[in-house]
Every structure is written in structure tokens, then in C-alpha cells.
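Here is how the chains run, residue by residue.
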Amino acid sequence: MGLMRLTVHDRDRIPPSGLGQVYMCGQDELPWRGHVYFSGDQLIVERAESDSGCAWVPWRINGRGVLLLGTSTLVERDEPYRLEVELARGTINRLRNQIAHWELLGLVVPGDLREEVLTATRYFSRAATSADAGPAAENAERALVAAVDAMDRSATIYAEQAIEQRRAQSKKLSTWFGVHLGDQMPAIDVARQLLPSFNMVSVPLSWRSIEASEGRRQWKQADAQIEWGKTAGMKIMGGPLLELDDRGVPDWTYLWEGDFDSLVGFMLDHVTTVVKRYRGKVHLWQVVSRMSHGRVLALTEDQRLQIAAQAITKVRELDPSTPMIASFDQPWAEYLATEQLDLAPLHFADALVRADLGLSGLGLEITIGYHPGATPHRSPHAYSRLVDTWGLLELPLLVSLTLPSSAAKDPLSSPKIQVLSSEADDVTPTSQAAWIDRHVPLLLAKAPVQVILWNQLSDAAPHHYPHGGLFDAQNRPKPALESLRKIRQQQLI
């Protein structure tokens, strides 16, 4: 068993719910299973591994809210590390390495950005060489503020230069920009406002919504959504056809829990029926989603992998010409810190790709700022590394996004999901739009990313994630919609 000790000078920097987000990992950045707690002023991470690794901790940055930040590689020792100093060391190290990597790809780094990196490094040097914990923590905080600012600035500069390079060959990018419609037709006024912002809509076609009662299928909403998308001249993505969580599995299937063969038969029957009904009407199938973890229907990892493979094979058999993808939530695999599982989403995806089933792409479902089942806020550099890692599988990527605009109670959302926030002003409609302005251009700059999808349309209809829509509870557009519209109008066909 491994034990990592980190002295925390200012415990208020870790939000009240933050302990559940702390984990350690190796060079692959996949969390190790462990137990995290405070003992006095020390943050203790118990884990099965005793190897050297990085600690990832949600940390409040002055003026920036809470970000998940990582230390550099730490060896296990009796003397505790100073957490503030190690977070500054790790953050600056990642900042410098990322800028160097982008420079190899042709990034032109302005002098003032280099000065920002040097400023962060100077503060860190003072922190690392200070004998007193107080001054060390203060200088480490200054280093973190400067480093996070430099991360944002460098990501913006990289996105601008990379997009300009991609547009040198064509006036605008051909990326699909979409929104998930949910289980209801959008109101007329809402639907009208989607057209300037998006060129694609996602229609659920989920098993739960279509076959809520065994053998009785309801097509009215799906038919109307697909017809509206066609009339509006939008690309249409159908799915996910199978989503293995409480949102996608009908209640009646629990009567068959433990009967794997029967469950597979029901699932493939749903896939077959949907594809036969809508083939030729959709431009992209999202066959499976949320397959790599969870306890639904007592399915093992191997069984979920079999279901995914059989569903993909069935779609390819019924509709050989339409592209299809498999999607994965929590692509950083934060759940591995608390769940005993063997396969991370990347491993699950790699197995499907290696099976040569005819997949046309992979989806990354990134849900930010919620608990449970989501990811904490991370730096733009973390998103760049994530896309680069998944890009190694050499398939186009669909990135779907959800982010809250408020931490207030949301009566129409799932009662199981809460917004991660220790201060109300952390989460606002303005902060939601600012996140889009900062991160979406970076995603567009990445060649593997061929589709960007906002995963919740409106807060006015029943929905899963609190305040995650582009329209509020009165169906009024949020600033996030305008941010997406500007990006679409400036950069996309």
C-alpha cells in the first residue's frame, strides 16, 4: 500500500466537496484507486500502488474559481510535501512542456507570453526555496495565478494560429456544430434561434424514451425532430441508440437483470428497429454511449464490451453507408479513483477500434462542474492533451459538452446531480459563456475534432444536468448561445 502526505497551508483553497475529486495517477494520467482524507493540516492519499505519481487536487485560484491542478511526479517519502509548492511545480512544468510541444508544431510565441511564464517561474523559485511555510505558500499561489493566466493565453494563441493555418486551405472549417434536442420538440421560438448557431442536431432515439413499456414503441417525438431537422437543412445525428445508465435503460428491463442473453436480444431488437425506421434520414449514428462503467443491470465490463461490439456490428450490417460512432463519458476516467474496474474509456475504445467493426469515429462526452459522474474544471491545456491522446486512435472525434450556468436549485433536473461550487459567483451565465469562448476555439483547432455538440438544449423541459442548457427555465437564450453563434459564424461553413 502507498501513502502520500501533503501539508496544506490554506485548506480553504480546496472546496468542501473537493476531497472526492482528489486522486493520484501515473504517467498515463489514469487515476489509481485510493482513499483521501485530512489528518490535521496534512492531505493523505492512500492507494494500492506505491509507485511515484502525480496528485491531482481541485484548487481555488484567485479570480478564477476552482481548477483541478496536478503536482509533478512525487516519490513516496516520510517527510510530507508542501502541496501549494508542488502544485505550482507541476503546473509550471506542464505549461512549459505544452508550449514547447506547440512550438515544435509551428507555434509563434510572443515575447510577453514568455515573460508571463518567467514571472510564474520566479514566484515558484521563491516558494521552493523558502524555509517558512507561510511565505512559501504565498509565493506558490502567485506562481499558480501567473501560470494559469499563461495557460489560458497560450491556448488562445495556439487556437488562433492553428485555425488560421487550417483555414489557409479552405475559407472556413467543415466541422459540424450541433446541439442535442432532448426528448421533446423545441419550442418554435427556440428552434428559430438554433439555425444561426448550429448546422447539426442530435436526436436521442434512446431505448428508454422509445420503448418505455416492453413491446410498445413511441415514435412521435423522434419523427417530429428528424423531420424538423431535415426541413431546417441540418445534419442529423441519431442516438445514442444504447446508453447504459438510468437515462437510457427502460425500467422494465430490470426484470431481466442477470439474464444476459435476453438483455442482449432486447437491445439488438431496439437497434434493429430504429435503424430500419430511420436509415437514409440520419447522417451519423451514435450507436452506444456510457458503456465503460456503471452498475446498470449488473453487467460486467466484458459484457458491456460485447454489447457495444454487437450493436455496432448490427448497425453496420443494416446501414453500411452511414458513418457511426461510439461515445464515452468521463474520458479522464475520474471514477477509477473509487471504482474497482480494469478498463478506462480509452482502453474500451481501443478494444472496439482494434476489432475493426467499421467505426467511423469516437465520441468524448465531457460534462464539467457537476457531481457525480462528471469532471471538475480543468485548464485548456488538459483538453489539448486529452484530444491529442484520443487522436492516437486515428479516428475522427465528436466532443459533446455540458456546463452549468448557475449553482441554484433546478427542480426540472435530476435530483441525483449537483453543481460543484463553493461560491455562488463561480457559476453564472457569464461564466458559462466565458468557458465556451476560452475552450471551444481550442477544440476547433484540433484536426481530429470533426463534431462539437452542446449536450443540453433547454432548462425549461425536464433534463438531467442542472442549468446545463443554452436556454433558461423560461426558454430565454443564455449568453452561451451567442458565444456559440459567433464561433460558428466566424469559423464554420
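This one's a predicted model, so the numbers in the text were calculated from it and none came from an experiment.

Undergrad: What should I look at first to understand the side chain of Gln21 in this one?
TA: With respect to the helices and strands, the residue Gln21 is situated in the loop between strand 1 (2-7) and strand 2 (23-25). Apart from the residues within four sequence positions on either side, Gln21 is in contact with Trp56, Pro58, Leu68, Pro376 and Leu420.

Undergrad: When you look at the sheet that holds strand 6 (residues 65-70) in this model, what are you seeing that I'm missing?
TA: One key point about sheets: their strands pair by backbone hydrogen bonds, in either a parallel or an antiparallel sense. On the basis of which strands lie adjacent, the open sheet formed by three strands has the order 2-5-6 and antiparallel pairing. Whereas interior strands pair on both sides, the edge strands pair on one side only; in this sheet they are strand 2 and strand 6. Adjacent strand axes in the sheet meet at a mean angle of 30° when their direction is disregarded. The sheet contact formed by strand 5 (residues 54-61) and strand 6 spans six bridges and is antiparallel. Bridging across to strand 6, Arg60 finds its partner in Val66. Strand contacts of helix 3 (residues 133-167): strand 5 and strand 6, with the helix running at about 90° to strand 5, the strand carrying the most contacts.

Undergrad: Got a minute to help me understand the sheet that holds strand 1 in this structure?
TA: The strand order 3-4-1-7 describes an open sheet built from four strands, whose pairing is mixed. Of all the strands in the sheet, just strand 3 (34-39) and strand 7 (81-82) have a single pairing partner and so form its edges. Both strand 1 and strand 7 contribute to a ladder of two bridges, which runs parallel. The residue of strand 7 that forms the bridge with Leu6 is Tyr81.

Undergrad: So what exactly am I meant to see when it comes to helix 8 (residues 301-318) here?
TA: Along an α-helix, residues three or four apart share an orientation, since each turn contains 3.6 residues. The first and last C-alpha atoms of helix 8 sit 26 Å apart over 18 residues, in line with the 26 Å expected at 1.5 Å per residue. At its buried positions, helix 8 is contacted by strand 11 (242-243), helix 7 (260-278), strand 12 (284-289), strand 13 (324-329) and helix 9 (345-354).

Undergrad: Help me understand the pairing of strand 18 (residues 449-454), please; the structure alone is not making it clear to me.
TA: As a general feature of sheets, a regular strand has side chains that alternate between the two faces. Of all six residues in strand 18, five are buried; the element is thus mostly enclosed. Pairing of strand 8 (residues 176-180) with strand 18 involves four bridges; the strand directions are parallel. Of the residues in strand 18, the one forming a bridge with Gly178 is Leu453. Both strand 16 (residues 397-402) and strand 18 contribute to a ladder of five bridges, which runs parallel. Within strand 18, the position partnered with Val399 by the bridge is Ile452.

Undergrad: Just checking my understanding: could you explain unusual backbone geometry for this structure?
TA: For the peptide bond that leads from Gly239 to Pro240, omega is 10°, which places it in the cis range. Mapping Pro240 onto the fold places it in the loop between strand 10 (235-238) and strand 11. In this structure, the amide linkage connecting His371 to the following residue, Pro372, adopts the cis form with an omega of -5°. Structurally, the position occupied by Pro372 is in the loop between strand 15 (370-371) and helix 10 (380-391). Of note, the phi angle at Asp356 is positive, near 55°, even though the residue is not glycine.

Undergrad: How should I be thinking about the packing of aromatic side chains in this particular structure?
TA: Here a ring pair, both rings aromatic, is described through the centre-centre distance and the interplanar angle of the planes. Counted according to the given criterion, the structure contains 11 aromatic pairs. Each residue in the set Trp207, Trp252, Trp256 and Phe266 is aromatic and connected to the rest through ring pairs, giving one cluster. One cation-aromatic arrangement involves Arg11 over Phe38; the distance from NZ or CZ to the ring centre is 3.8 Å. Sitting above the plane of the Trp332 ring, Arg378 keeps its charged end 4.3 Å from the centroid.

Undergrad: How do you make sense of the pattern of salt bridges when you look at a structure like this?
TA: Any two side chains of opposite charge can pair, so long as their charged atoms come close to each other. By the definition in use, this model includes 31 salt bridges. Linked by salt bridges that have partners in common, Glu243, Asp245, Arg247, Arg290, Asp329 and Glu365 make up one network.

The rules behind the values
- Residues numbered from 1 in each chain as written.
- Predicted model: local features only at pLDDT ≥ 70, side-chain atom pairs only at ≥ 80, totals over all residues.
- Heavy atoms only, no water.
- Helix = DSSP H or I, 4+ residues; strand = E, 2+ residues; numbered from the N terminus.
- Contact = heavy atoms within 4.5 Å.
- Pairing = 2+ DSSP bridges.
- Axes fitted to C-alpha atoms, helices over the stretch in contact; angles between N-to-C directions.
- Expected span 1.5 Å × (residues − 1).
- Buried < 20%, exposed > 50% of the residue type's maximum accessible area, 1.4 Å probe, protein only.
- Phe/Tyr/Trp six-rings, centres within 6.5 Å; stacked < 30°, edge-to-face > 60°.
- Lys NZ or Arg CZ within 6 Å of the ring centre and 35° of its normal.
- Salt bridge = Lys/Arg side-chain N within 4 Å of Asp/Glu carboxyl O.

Read these as layout, nothing more, since geometry by itself doesn't imply function.
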